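Remarks on the overall topology
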Amino acid sequence: MTATATATTPIERKVHQTVVRLMQGDLTALEVDAFVHYAKENLELGSGYGTAIQSRGGGAVKKEVEKIGGIRMGEAVMTTAGGMAAKHIIHACGPKFQESDTEGKLRDCMNSALQIARENGLKSVAFPPMGAGFYGVPLALSAQVMIDAIRSAAAAGTPPEVIIICTVDGRDFLAFKNQVGAL
Amino acid sequence: MSETRSYKAQKLVERLQVKVNRQIMLSLEACVHCGLCTDQCHYVLSNPGDVTYAPAYKADRIRKLFKAHIDWTGKTLPWWVGAKSVYTDQELEDLKDTVFGKCTNCRRCSLNCPMGVDMAVFNRMARGLLVHVGVMPEGVAVVAKDQWEIGNQMGVLKEDYLETLTWMEEELQSEYNDHSIRIPIDKMDADVVYSINPREAKYDPRTIAEAAAIFHFAGENWTMPSQGWDMTNFGLFNGDDELGGAVGGRLYDAVERLRGKKLVISECGHGFRSTRCEAPNWGKRDVAFPMESAVITMLGYIKQGRIQVDKSKNSEPVTYHDSCNNARSCGMTEEPRELLNLVCSDFREMHPNRAENFCCTGGGGAMSMTEYAPRRLKSARIKADQLKATGAKIVVTSCHNCVDGLFDLIKHYKLDMQVKLLVNLVASALVVPERPSRKMRPLEGYKILVIDDEPDIRVYLGKIFKDQGCLVTEAPDANQGMRAIKADRPDLVTLDLILPYMTGEKLYWELRKDQKTADLPVVIVSGYAAVDSPRIDFFGFLAEKRLPQPNGFLEKPVDPEKLIETVRAVLLEKA
Ligand code: SF4
Ligand code: SF4
């Protein structure tokens, strides 16, 4: 048992030319070139972050994803962010609820999101703890796969200048803290 | 015999081995099928003859899994003890229909089992197993995802929550014609940190205002957190201990961050139970501060003479519905009655009551599962009969979830009744004192933003204001100042003119240009008075831009009394 609140002072590390920042906050309120929405195959926005996208962004994002129709597991697609503080949303489809090869699918999903960011010359991209929480990907696995993908992208060059991992609370912040700190 | 198991069924079976603990095992093993629990369940009583609603029958849907995979009797004599595993996705759907759609985890059967079988504890576990593999009613998924990602069960965004608090504060100030009534947000070192059900922010904000009025007239030193404010916990309903621990942790973090002395939990049965009793275990967390239901807080204020009430203000016949979680699981049965007898003149019991009361039929997350609404309303007949027999015009409860369940069944069964919370009755019985019960300091409750690039000055000014009872926020530059103005809506800003990035002049100009901030009181606190002083420049700037004078202008070093006098005069004039 722990007796005190988790300290969530942001942590920043430079990996090659990329600044990786871990922070606790409100993903869909960040002023970034894009934030990543952990999407379903049919791109339906749903609740959670989807609630915030629809409420803060207006109806534009919903219309765009409906027009696109869907993506396959491990793929990503980019839309505008409607009236939100971010400019774009990268919808990246990752594994859910213990499905087979969770790790491989999560890796593909991360790489696709980073590739979209690269192709579109995005300078700052924010990620949630991918797949953790509602979709049940263990936090430790989410952190490991995300950090590996970010490290590889940074080493390969031309990744976004700033990559943010934005956690909801102290618990998921803690799961990423050591990994980001060790970058 | 080897049957192929679907991927999801296999994952569920693997999870079962992890989730069965001693408490669950005892309940799964102890049933002797005596049938004594059958007539305790509101589903059974409202659906006579339908065996699929009987608690022991429903329990056996889960028990057979336990027998098949964990209990030695099932491994040795499976046909004898009814052991059977799950193999297909359809079987998981059938299990979902039972554990989500035919039981509200109300624990009425548990209380009446001579063998101590606690149906709700393993029904919740079974829900958790299904959620783990993504099998759950759509509404359950929606609510759980909102609470995981937005931080509350109804997806209320931070700006909407804060706007609601501001709106309620304004309503209260005009209702009581008293500018000192505040809903303090993120106040440090408060004696009470008040947490609410998101239903209040979204659909029933009057309950926030009523609680605020009670805190105010009690002279309480209280606050509400800007984040981590949701005391409900869907983890109790969907069986997800991880969600339960995360949600509780956010609330505990908020209290610790604000160095609050006590957490007061608004009226909500499952929220109270989860926050006070369950979440520390789910999240493996020690909680060092006391936690209390708002019912106890309100009762305490009356008994200590901190608020006065007049019960004749609530003269209609009132009955009380005990929420399952408050009464059966937390033993809170007498305090609400004591409170009711103090604030209303015609209180009559419904029967059965206290721990024997029937569920509102909307418990256990049932209100989110629209597909089961017809079944829920049919099973509510027993509750409707119970309410009707009281002859009361108002049914009071101490749970926002029960309010929704009761409201729905009252409408369905066309009962001539209103549903209220205890806070509604206490607020309407309040006798407003001539003066607030605690001596107010001159600037008590006002929100002041100090914009200054020098940390020492911010601390110095902040202390002066805090000593006067103000809520103080700080910003080291104009950009952060502007953001704080938008987020916190202070009553007054003290503004330094020499600031990094953007000057104080420019910020003043921006504020006056914007309709929303044009009237925001600004007192300039600047450090230069020489010939080349910005004061001269500043007034030249005002003339050039045709801007109004600031509400006050003080030169550093600032005399504390002059500062208080100036700020007070500005605020009084505004009021
Ligand atoms: S749960 Fe208890 S009361 Fe119900 S049938 Fe089993 S032993 Fe009897
Ligand atoms: S817990 Fe309540 S709803 Fe569930 S079987 Fe028992 S009495 Fe019925």
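Everything quoted here is computed from the prediction, not taken from an experiment.

1. Some details on the site of ligand 2
All names here are of chain B.
- Around ligand 2, the structure places Cys-41, His-42, Tyr-43, Pro-55, Lys-58, Cys-103, Thr-104, Asn-105, Cys-106, Arg-107 and Cys-109.
- Those elements that place two or more of their residues in the shell around ligand 2 are α3 (42–46) and α4 (55–69).
- The class makeup of the residues in the shell around ligand 2 is 6 nonpolar, 3 polar and 2 charged.

2. Details of the pattern of salt bridges
All names here are of chain B.
- The full count for this structure, using the stated rule, is 53 salt bridges over all chains.
- Taking the shortest distance from any N to any O, the salt bridge between Arg-206 and Glu-175 comes out at 3.2 Å. Residue Arg-206 is located in helix α13 (residues 206–217), and its partner Glu-175 is located in helix α11 (residues 158–176); the two are separated by 31 residues in the primary sequence.
- In this structure Arg-206 comes out as partly exposed when scored by relative accessible area, which is 32%.

3. Let's talk about the sheet that holds strand β1 (residues 192–195) of chain B
Residue and element names in this part refer to chain B.
- Within the open sheet, the 4 strands sit side by side as β2-β1-β3-β4. Their pairing is parallel. Every other strand in the sheet has two partners, leaving β2 (222–223) and β4 (291–293) as the edge strands with one partner each.
- One ladder, built from 2 bridges, connects β1 with β2; its direction is parallel. Bridging from a neighbouring strand, Val-193 pairs with Thr-223 of β2.
- Of the strands in this sheet, β1, β3 (263–265) and β4 touch helix α17 (residues 294–303), which is tilted by about 80° from β4.

4. Examining the side chain of Asp491(B)
- Residue position: Asp491(B) is located in the loop between α25 (478–488) and β12 (492–495).
- Looking at Asp491(B), its side chain comes within polar contact range of the side chain of Arg182(B), at 2.8 Å.

5. Let's talk about the site of ligand 1
- Every residue lining ligand 1 is accounted for by Cys31(B), Val32(B), His33(B), Cys34(B), Gly35(B), Leu36(B), Cys37(B), Ala56(B), Cys113(B), Pro114(B), Met115(B) and Val117(B).
- The residue makeup of the shell around ligand 1, split by class, is 10 nonpolar, 2 polar and no charged.

6. A few points about the interface of chain A and chain B
- The interface of chain A with chain B comprises 26 residues on the first partner and 31 residues on the second.
- When chain A packs against chain B, the two sides together hide about 2,500 Å² of surface, and 54% of this comes from carbon and sulfur.
- At the boundary of chain A with chain B, the tally comes to 3 salt bridges.
- Notably, a salt bridge pairs Arg171(A) with Glu242(B), separated by 2.5 Å at the nearest N-O pair.
- Summed over the shared surface of chain A and chain B, the result is 11 residue pairs in polar contact (both at pLDDT 80 or more).
- When contributions to the side of chain A that touches chain B are tallied by element, the ones reaching two or more residues are α1 (49–57) and α5 (170–181) of chain A.
- Considering every element that reaches the side of chain A that touches chain B, the biggest residue donor is α1(A), with 5 residues.
- Across the side of chain A that touches chain B, the residue classes break down as 9 nonpolar, 13 polar and 4 charged.

7. Describing the packing of aromatic side chains
- Considering all chains together, one arrives at 19 aromatic pairs over all chains under this definition.
- Centre to centre, the rings of Tyr161(B) and Trp229(B) are 4.2 Å apart; their planes meet at 5°, and the pair counts as stacked. One end of the pair, Tyr161(B), is in helix α11; the other, Trp229(B), is in the loop between β2 and α14 (234–238), with 68 residues separating them in the sequence.
- You can call Tyr161(B) buried: its relative accessible area is 0%.
- Overall, the relative accessible area of 6% leaves Trp229(B) in the buried class.
- Seen from their ring centres, Tyr508(B) and Phe538(B) are 5.6 Å apart, and the 70° between their planes marks the pair as edge-to-face. Here Tyr508(B), found in helix α26 (residues 504–513), pairs with Phe538(B), found in helix α27 (residues 534–545); they are 30 residues apart in sequence, far enough to count as distant.
- According to the relative accessible area criterion, Tyr508(B) is buried, its value standing at 0%.
- Through successive ring pairs, a cluster of aromatic residues spans Tyr38(A), Phe97(A), Phe134(A) and Tyr135(A).

8. Considering the nonpolar core
All names here are of chain A.
- Counting 168 residues, the largest nonpolar core has Ile-90, Phe-127 and Met-130 as the members making the most contacts within it.
- The greatest single-element share of this core, amounting to 10 residues, is contributed by helix α4 (residues 139–156).
- Other than its neighbours up to four places away in sequence, Ile-90 contacts Ala-34, Phe-35, Val-36, His-37, Ala-76, Val-77, Met-78, Ala-113, Ile-116, Ala-117, Leu-122 and Val-125.
- Membership of the second largest hydrophobic core comes to 25 residues, among which are Val-32, Ile-71, Ile-89 and Val-162.

9. As for unusual backbone geometry
Residues and elements named next belong to chain B.
- Residue Pro-352 is reached from His-351 by a cis peptide bond, and omega for that bond is -10°.
- Mapped onto the secondary structure, Pro-352 falls in the loop between α19 (334–343) and α20 (373–379).
- A cis amide bond, omega -5°, links Lys-556 with the succeeding residue Pro-557.
- Its place among the elements puts Pro-557 in the loop between β14 (552–555) and α28 (560–574).
- We note that Arg-354 has phi near 50°; this positive angle belongs to a residue other than glycine.

10. Some details on the domain arrangement of chain B
Residues and elements named next belong to chain B.
- Under the domain assignment, chain B is made up of domain 1 (7–136), domain 2 (148–303), domain 3 (311–426) and domain 4 (447–574).
- Distance between the C-alpha centres of domain 1 and domain 2: 34 Å.
- Taken together, the contact pairs 7 residues of domain 1 with 9 residues of domain 2.
- Carbon and sulfur atoms supply 41% of the area buried between domain 1 and domain 2, which totals about 610 Å² over both sides.
- At the boundary of domain 1 with domain 2, the tally comes to 2 salt bridges.
- Lys-19 is the partner of Asp-241 in a salt bridge, and the nearest nitrogen-oxygen pair spans 3.1 Å.
- At the boundary of domain 1 with domain 2, the tally comes to 6 residue pairs in polar contact (both at pLDDT 80 or more).
- If one sorts the elements of the side of domain 1 that touches domain 2 by residue count, helix α9 (residues 119–132) sits on top with 4 residues.

11. Looking at the environment of Pro317(B)
Residues and elements named next belong to chain B.
- Topologically, Pro-317 is positioned in the loop between β5 (308–309) and β6 (318–321).
- In the structure, Pro-317 is positioned 102 residues away from Val-419 in sequence and 12 Å away in space, judged by C-alpha atoms.
- Leaving out residues up to four positions away in the same chain, Pro-317 has contacts with Asp-346, Arg-348, Gly-391, Ala-392, Lys-393 and Ile-394.

12. Notes on the packing of helix α15 (residues 241–257) of chain B against helix α16 (residues 269–282) of chain B
Residues and elements named next belong to chain B.
- As a packed pair, α15 and α16 sit with axes 8 Å apart at the nearest point and diverge in direction by 115°. Viewed along their axes, α15 and α16 form a crossing whose handedness is left-handed. Contact residues: Asp-241, Gly-244, Gly-245, Gly-248, Leu-251 and Tyr-252 in α15; Ser-274, Thr-275, Ala-279, Pro-280 and Trp-282 in α16.

13. Examining helix α22 (residues 400–412) of chain B
All names here are of chain B.
- The terminal C-alpha atoms of α22, which comprises 13 residues, lie 19 Å apart, in line with the 18 Å expected from a rise of 1.5 Å per residue.
- His-400, Asn-401, Cys-402, Val-403, Gly-405, Leu-406, Leu-409 and Ile-410 are the residues of α22 that are buried.
- Looking one or two residues past α22, Lys-414 carries a phi angle of roughly 50°, positive in sign.

Cut-offs and rules
Residues numbered from 1 in each chain as written. Chains lettered and ligands numbered in written order. Predicted model: local features only at pLDDT ≥ 70, side-chain atom pairs only at ≥ 80, totals over all residues. Heavy atoms only, no water. Near = heavy atom within 4 Å. Helix = DSSP H or I, 4+ residues; strand = E, 2+ residues; numbered from the N terminus. Nonpolar A, V, L, I, M, F, W, Y, C, P; charged D, E, K, R; others polar. Salt bridge = Lys/Arg side-chain N within 4 Å of Asp/Glu carboxyl O. Buried < 20%, exposed > 50% of the residue type's maximum accessible area, 1.4 Å probe, protein only. Pairing = 2+ DSSP bridges. Contact = heavy atoms within 4.5 Å. Axes fitted to C-alpha atoms, helices over the stretch in contact; angles between N-to-C directions. Polar contact = N/O pair within 3.5 Å; in protein donor to acceptor, adjacent residues only side chain to side chain. Buried area = accessible area lost by both parts, 1.4 Å probe. Phe/Tyr/Trp six-rings, centres within 6.5 Å; stacked < 30°, edge-to-face > 60°. Core = buried A, V, L, I, M, F, W, Y, C linked by side-chain atoms within 4.5 Å. Domains from an automatic or database assignment. Left-handed = near helix turned anticlockwise from the far one by under 90°. Expected span 1.5 Å × (residues − 1).

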